[in-house]
Amino acid sequence: PVLPMALLQGGQVSTGTPTKMNLESIRKKLLDQNATIVLQAVANLREGIEIVHTSQYATFLQSILPIFVQTLTRSTKPNNDTESIEYKIRRVTLEILHRLPCNDTLRPHASTILSVSMDVLKNDYEENALIAIKITFDLHKTYRPMLQEHVQPFLDFVQSIYRQLPTSLQRNFLLQTKPQQSHLPAQLGPLSAGEIKKPAPPVIPTPVLQGEYGISSVTNIYGSINTKESITQHNQPTSIPMALRSISSFRVLTECPLCLMLLFQLYAKHINGNISFFIPLMMDSLALRPPSVQSIPNYQPSNLQQKKLYIQRCRELVAAQVKTLSFLTYLLRSNAEQMKRYEDRIAGNVVSLLNICAPDATGTRKELLVSTRQIFLTDFRKGFYKHIDTMLDERIIVGQHAIIGAANTGGGSSQSNQNIMDDVRSLSYSTLADLIHHMRAMLNTKQNSRIIYTFTKVAHDHTLPLNTQTTAIRLLLNLVDHIFHSKDTDEKVGRDFLFRILLALVDKFETLVHHTIPLLQRADDAENGGIECSTSDENVNFSSGGVKSSCVTTYISFEDNVNKLQTMKDEDDANVPKSTPRPCQPDNLLGNTNNTRDSLRNIKDMIKPMIGGFKTVLWCMHNYPTRMNQKNDSSSLSAGKDQNIDTMELLNEKMTYVEREHVGKYVIWCLQCIQIFGCKVHITNQASNVLLDTKSIDSKNKHTDPRKVEYTEVLESFAASLTVLSTKNFRRVIRPQIPELFNALLHDEEVIAFPNYLLLSNKSISFEFCDVLMVFLLERMDYLSLNPSFVGNISQSQIKPGSGHDTNIFRRKASVVLSLFQSLFHSTSIHPENEAVLRNHLQTVVATCLRSAFFLGGNDSPRNYFLLLRLLFRTITNGKFEQCYKEIAALLPTILNGLFRIHGATDDTAIRGSIEELCLTIPARLSSLLPHLSLLMRLIIPALQSQNGDLTTLGLRTLEFWVDNLHPDFLYPVLSQNSSILSNLMLSLSKHLQPAPYPYGLIAVRLLGKLGGKNRRFLREPMNLQLSDENTWNFASLNLQCRWEGVPAKTGTHGHLDVFTIPLDRSVVAAVDVMRRVAEAPTLMAKQRPREDLSNGHENCASAFRLIYKDDFVEKSERMRVLECPTTCKAVSATKAELVDLTANSIIVMKKTKHQQCKAAFSLFRTIIASLMESSTVDYNSPLCCEVSSSPRRKLDIVTEQKSTDDIDKPEKADANSRPMRDQALASNVLKQIVEGLMIATLTDFANEALVLLKGLSSHLLLIITSHSDHIKRVDASGNIVDGHEPFNGTMPDTSMSNGKLQPLGPLGTFRLTGPLENGIDPFIFNEALAHNACSKHVKIQNRSIEIIRHLAATVLNLEREALSGAPRPTSLLTVGNAYFENLLSALCQVCFSKSWNHRCGPYRAIMALCESLGVNWSKSYVIEIFHCGMFCLKNSPREISC
């Protein structure tokens, strides 16, 4: 307001907030005879109305309120001149009364004020009457018990308005105006615009059209005025409309229905006496229409002010009628009998109001639509049935302006106006959907076609909210049943309708996958970082084909039908504005919503009915030909047997190729849409206000997770939607989509619910899906291999770390294949008919598993293939499928012999246990197993000795089954056929003879009892017993020197130390075992969760970590660290209990313990080597201080005192059991074990130190042999020296050919040590250790052995180069070194001959490395031996490995 805030205090204007008002001065000004002074006083009082919120409120009412009453009733009179001072005084006074707070202070004056407002309401003009009716509403609402006497006068006044409404209509449309004054009287000062005139609502222009009054003319008048531009262009003087009496005002009438509703709620006794008068009057008012512009007297088409006033009055009339309709809607339920006769008139008036409602009057149209929806909830909706064709016109129900605005964004309208229009369109389509839902059974063909066209557009209109699109989809699905049962004789029409609905659903799924769901996930990720998704459309992983670059919504009409069927179209469709839809933008794809989480929920609410409805549509389409044929050709079906068969074959097609193609697309898009149900949902923990992820819920709560329950239900509904197809069509639809299903399972394991439902559904569908799935899985059985190189469709060059083809992907593929096989096998127990599918592919599955298991060999685990065989065997055994038993019986020799070969060739305990379980559970009758009982006995012994409780139980029960069903005279010869079998079997059973609570003792006793005493016969058989040799104590001992804290040291050999003596060989064995256990133990680490997942103040809580294996796959994005935690008892006791992380503490203690154990074992190895090599570099200050002593007190020398030359050539006949020979053998064995321990140490933290020690030891032994070449003699197989008087010159005699005949191979690498090397440690023992470690199952140990071999070869070659360059080196260094490598080659060939086939890879790689390092000339000398070794490896390998 531009009037200054003047608070009258001594007649002066104060700019501050007064604490007290001079009421006496105000009274004098209000009672002044000068109207200008009164207006100024009233205006100032209105500006200082804050006094009503102070303690002066009661005094103010007592002093000022009587003057206001006098002013409104006697001092001033109603005036139609809105520019007059008298009119303004009345208006400002009413505004002050309206702003008075309705509290207990005003209660004594409420009746007086209400009487004054009623007087103004009846006699004054429009603006003042509007304020008066608001005062009346507020007073009745607050002081209802005491104002009952004023109710009936108000009701009478409203009745009088409705009675005079026809006369008021004519008076309103006289369009009387008067010129507007350019200035106000000087003594009043400037007034605000609100005090002069309330401006009309803005008008949005549309093109001007000509025509009579009606749909076109009303719309044209509403949209043809642009006030500012038109007036400026024509230079016309500004005029204002003449004021209207309250009884003739449409705006006053608009406020009356709301007051009536309030009064009827507060004073129910007035309803019966007045409702009978109001209903006819209101119904008559709804029938009134604005007169045409041609019928208005003195109307000038060039007068834009008249046009503007005409539009304004039309808007006011429609608004009043809409309010009246809302009141009548309120009366429908309680006064249905009295309003029953107006049913048709209500429907006609509503349609007419929708027709003439201004396009930009969005508030009025929304209220009209809400009232219409309320009518549709009652029986009065029947009156609209005859108007359905008019309601289907989008120009009527939505408004032409809204249609144009939806088609053209950016046409000058703001975003807020566009959102309002979209809301109106949404409400309009929802209202129309309510009507169609109630009358869908009475629709004809044309109406069905138009409805499908309209609501298919709505379902694909991205400018509408998601719930409106869902409503459109629900409506289309509600029409399906009516279309299926329609009485239309033309089959093509109904089938075309069903196909159009199916096509709309499929395209909607595609739109959701390509655009809406990825956008929602990125928006949700931007809000809370919950869903990890790409920032670009190209990287959205929702479909194999990626995301389309274009984003244009497709509107479906029946003319676009793929079948090009001729359907009927309403003639009005030609006039419907057809415009291209707005391009999909990221901001409008979600519809009109600001909450991404609500949008995700709305999409889920949309997908559920789409899936359920698709099943209905598919069933109706699938059975539509049958229904039509039964309806029209029932006589022909029963004409004859041959004709019936031909007809049924024709009906079996039921679906065209195009229809099946779209059903296949539905499977693809829906499968990807459903993944939204499995995305992360953030749940707020009220205790700690921490965002948690439902995917991190423990597996124990899996069945109680609402998200997973909902996800599973939707997947099962999706699978159920395909079960309505015939078996032929189902196979054609589902077979091409199996790869998509497999990819979905790789993305989310919970999708397994989809194939599970299909496999466990009805028999026919289960059989077809089982057959299709089996063929698919057989083609991808190579995924069961953990080695990516065995996967056929991905080349080895494509497999890079982090590229998506790493080990975790292949493990996931193997897991999915096994899960699908498990579901497939399980279906045979539910539907025995599926045995036929299993039987047809049984031999293929078994043969592929065995062949793949042999092909993988020792480097890769065939565990997955054995798991598949176990699932297969258990399925056949539990189902007792006779046909499968027969198939397996033919494969028994192949299966058992193949598995037994793998069992004997592998050292993997898990694989051996799996093979034992497979052989003992193979599905075969006992009569078929009798020829193989001896082989099974060899497998049941390790099963009884196993540490796996299930395998032990299986072995005991299988043996008991054989004892119960086989005659002793037949069984015992099988047991005693091999003495070792009987002895080992009885010893294994005897180990289980333990008292309770041992679980297997009772079964073992029962078995021995059933044998009838035959078990005692094994005591006569020889047994392999290990005897302890006490004489080993005399060889060498290990002296441990310990110092005890706090205890006085005993006097010993070292004074202050206590010495413990341990046998050397046993201590070395224990150290090697410790080193092996540490190397093979899993490395545990603490995996820390994100900090936001930790509770406040408990960052080190044990729940924040979990143990993981180092070799497990861990995502790179996750941080892993080991926390520094207190590890000592003192530190733990000083820490609060809630802050002690037991998990991290255990990890650290375990890591330190392993390191200490490795250090102790390595120190022992180093000390023993130093003692054996006569080294004085023993570190007695190391944590483990030990001393190696010989008994009797002599050192183990590799090189002892020199003997005479004559004694060298004399062979010594030493007894093999003599003490020197035994000590030499034991010392060599100790050195061999130490080398093995050092090789294992290369897998631990001491890898570098162990490798350096190994290389030094090997070089030392090589130099010893080279420097004593004269004392190395070649011997043959009988021990005789070959050319004993000549030193070894490095070349072998050629004995392979003599006189053209093949001769036995000469000795290779067999030498006798003489002279100073005779009584020391055998230096060639290192070669045996290298060859033994080359056969290790650890590839790293094999590589270390090869590295040492290359080091030895490089050492010899370097020495040879130095000798050739003139360096002073003995000539023996160049030739005798070959003896060492010949012995090494002999050791490698020997392990190739003696080890199993899966352990020969390492030794043969070592032979290749030896040949490459020493060159071609050296290799040619031993080509026959190397070739012989290679041929033996090939011939001795299992024959299945070549397959």
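Residues numbered from 1 in each chain as written. Predicted model: local features only at pLDDT ≥ 70, side-chain atom pairs only at ≥ 80, totals over all residues. Heavy atoms only, no water.

*Asks:* Now, about the overall build of the protein chain: what can you tell me, with residues and values included?
*Replies:* Looking only at helices and strands, one finds 57 helices and 13 strands in the protein chain. By residue count, 50% of the 1443 residues in the protein chain fall in the buried class. As displayed, the protein chain offers around 69600 Å² of accessible surface, 51% of which is attributable to carbon and sulfur atoms. (Helix = DSSP H or I, 4+ residues; strand = E, 2+ residues; numbered from the N terminus. Buried < 20%, exposed > 50% of the residue type's maximum accessible area, 1.4 Å probe, protein only. Areas by Shrake-Rupley, 256 points an atom, 1.4 Å probe, with all protein chains shown as cover.)

*Asks:* Let's hear about the packing of aromatic side chains: which residues, and what values?
*Replies:* Given two aromatic rings, their pairing is described by the distance between the two centres and the angle made by the two planes. Evaluated as defined, the whole model comprises 23 aromatic pairs. An aromatic cluster of three or more residues is present, and its members are Phe 509, Phe 614, Tyr 666, Phe 718 and Phe 754. Above the face of the Phe 380 ring, Lys 340 is positioned so that its terminal group lies 5.7 Å from the ring centre. Seen from the ring of Tyr 783, Lys 813 lies directly overhead, with NZ or CZ sitting 4.8 Å from the centre. (Phe/Tyr/Trp six-rings, centres within 6.5 Å; stacked < 30°, edge-to-face > 60°. Lys NZ or Arg CZ within 6 Å of the ring centre and 35° of its normal.)

*Asks:* Could you give an account of the pattern of salt bridges, naming the residues involved and the relevant values?
*Replies:* Opposite charge on two side chains lets them pair, provided their charged atoms get close. Counted by the stated rule, this structure contains 39 salt bridges. Through salt bridges with shared partners, one network takes in Arg 46, Glu 47, Arg 91 and Glu 95. (Salt bridge = Lys/Arg side-chain N within 4 Å of Asp/Glu carboxyl O.)

*Asks:* Lay out helix H22 (residues 466-484) with the relevant residues and their values.
*Replies:* Relative to the 27 Å expected for 19 residues at 1.5 Å per residue, H22 spans 28 Å between its end C-alpha atoms, a close match to the ideal helical length. Among the 19 residues of H22, 14 are classified as buried, and the element is accordingly described as predominantly covered. (Expected span 1.5 Å × (residues − 1).)

*Asks:* Just give me the short version of the side chain of Glu 835, but keep the residues and values in it.
*Replies:* Relative to the helices and strands, Glu 835 is located in helix H34 (residues 835-840). As a buried residue without a salt bridge, Glu 835 has its nearest oppositely charged side chain in Arg 839, at a separation of 4.6 Å. If we ignore the near neighbours within four places in the chain, the residues touching Glu 835 are Thr 828, Phe 881, Glu 882, Gln 883 and Cys 884. (Lys, Arg positive; Asp, Glu negative; His and termini not counted. Contact = heavy atoms within 4.5 Å.)

*Asks:* I'd like a rundown of the side chain of His 1268, residues and numbers included.
*Replies:* By the element assignment, His 1268 lies in the loop between helix H50 (1247-1267) and strand E10 (1272-1274). Given the relative accessible area of 16%, His 1268 is considered buried. A distance of 3.0 Å separates the side chain of His 1268 from the backbone oxygen of Ile 1264, its partner in a polar contact. (Polar contact = N/O pair within 3.5 Å; in protein donor to acceptor, adjacent residues only side chain to side chain.)

*Asks:* Which residues make up the nonpolar core, and what values do they have?
*Replies:* Phe 60, Ile 346, Ile 436, Tyr 666, Met 937, Leu 959 and Trp 962 are the most contacted members of the largest nonpolar core, which totals 285 residues. Among all residues touching Ile 346, those that are not within four sequence positions of it are Met 283, Leu 325, Leu 332, Met 339, Ile 375 and Phe 380. Residues Cys 1158, Leu 1231, Ile 1264 and Ile 1341 belong to the second largest nonpolar core, which totals 76 residues. (Core = buried A, V, L, I, M, F, W, Y, C linked by side-chain atoms within 4.5 Å.)

*Asks:* Go over the packing of helix H3 (residues 57-75) against helix H5 (residues 110-123) with me, naming the residues and quoting the values.
*Replies:* Interaxial distance between H3 and H5 falls to 10 Å at its minimum, and their mutual angle equals 20 degrees. In terms of orientation, H3 lies roughly parallel with respect to H5. At the point where H3 passes H5, the crossing takes the left-handed sense. Contact residues: H3 offers Leu 65, Val 69, Leu 72 and Thr 73, while H5 offers Thr 112, Ile 113, Val 116 and Asp 119. (Axes fitted to C-alpha atoms, helices over the stretch in contact; angles between N-to-C directions. Parallel < 35°, antiparallel > 145°, perpendicular 65-115°, else oblique. Left-handed = near helix turned anticlockwise from the far one by under 90°.)

*Asks:* How would you explain the confidence of the model for the protein chain if you had to name every residue and give the values?
*Replies:* On average, residues of the protein chain score 74 in pLDDT, and 69% of them reach the 70 mark or higher. Within the model, pLDDT remains below 50 along residues 681-703, and this stretch shows 35 contacts once partners closer than five positions in the same chain are excluded. (pLDDT = per-residue confidence, 0-100.)

*Asks:* Account for the environment of Thr 727, with residues named and values stated.
*Replies:* Note on placement: Thr 727 falls in helix H29 (residues 727-734). Note on Thr 727: relative accessible area 30%, which makes it partly exposed. With 37 residues separating them along the chain, Thr 727 and Ser 764 place their C-alpha atoms 6.3 Å apart. Leave out the neighbours within four places in its chain, and Thr 727 touches Ser 764 and Glu 768.

*Asks:* Describe a nonpolar patch on the surface, naming the residues involved and giving the relevant values.
*Replies:* A surface patch of nonpolar side chains, about 340 Å² in accessible area, is lined by Phe 1427, Met 1431 and Leu 1434. Along the polypeptide, Leu 1434 turns up in helix H57 (residues 1423-1436). (Patch = residues over 30% accessible without salt bridge, like charges linked within 9 Å, V, L, I, M, F, W, Y side chains within 5 Å.)

*Asks:* Talk me through unusual backbone geometry; I want residue IDs and the actual numbers.
*Replies:* Cis geometry is adopted by the peptide bond preceding Pro 997, which originates at Ala 996 and carries an omega value of 10 degrees. Relative to the elements of secondary structure, Pro 997 occurs in the loop between helix H43 (979-991) and helix H44 (1001-1010).

*Asks:* With reference to specific residues and values, describe the environment of His 903.
*Replies:* Position of His 903 among the secondary structure elements: in helix H37 (residues 882-905). Assessed through its relative accessible area of 5%, His 903 is described here as buried. A C-alpha to C-alpha distance of 8.0 Å links His 903 and Glu 916, two positions 13 residues apart in sequence. In this structure His 903 touches Arg 912, Ile 915, Glu 916, Leu 939 and Pro 942, once residues within four positions along its chain are discounted.

*Asks:* Summarise the state of the cysteines; cite the residues concerned and give the values.
*Replies:* Tallied over the full model, the rule gives 0 disulfides. Its sulfur unpaired, Cys 1392 is 3.8 Å from the next cysteine sulfur, which belongs to Cys 1429. Residue classification places Cys 1392 among the buried residues on the basis of a relative accessible area of 0%. (Disulfide = S-S within 2.5 Å.)

*Asks:* Quick one: what's the story with the environment of Thr 875, residue by residue and with numbers?
*Replies:* By the secondary structure assignment, Thr 875 is in helix H36 (residues 863-879). Taking the C-alpha atoms as reference points, Thr 875 and Thr 828, separated by 47 residues in sequence, lie 7.8 Å from one another. Discounting residues that sit within four places of it in the chain, Thr 875 has contacts with Phe 825, Thr 828 and Phe 881.

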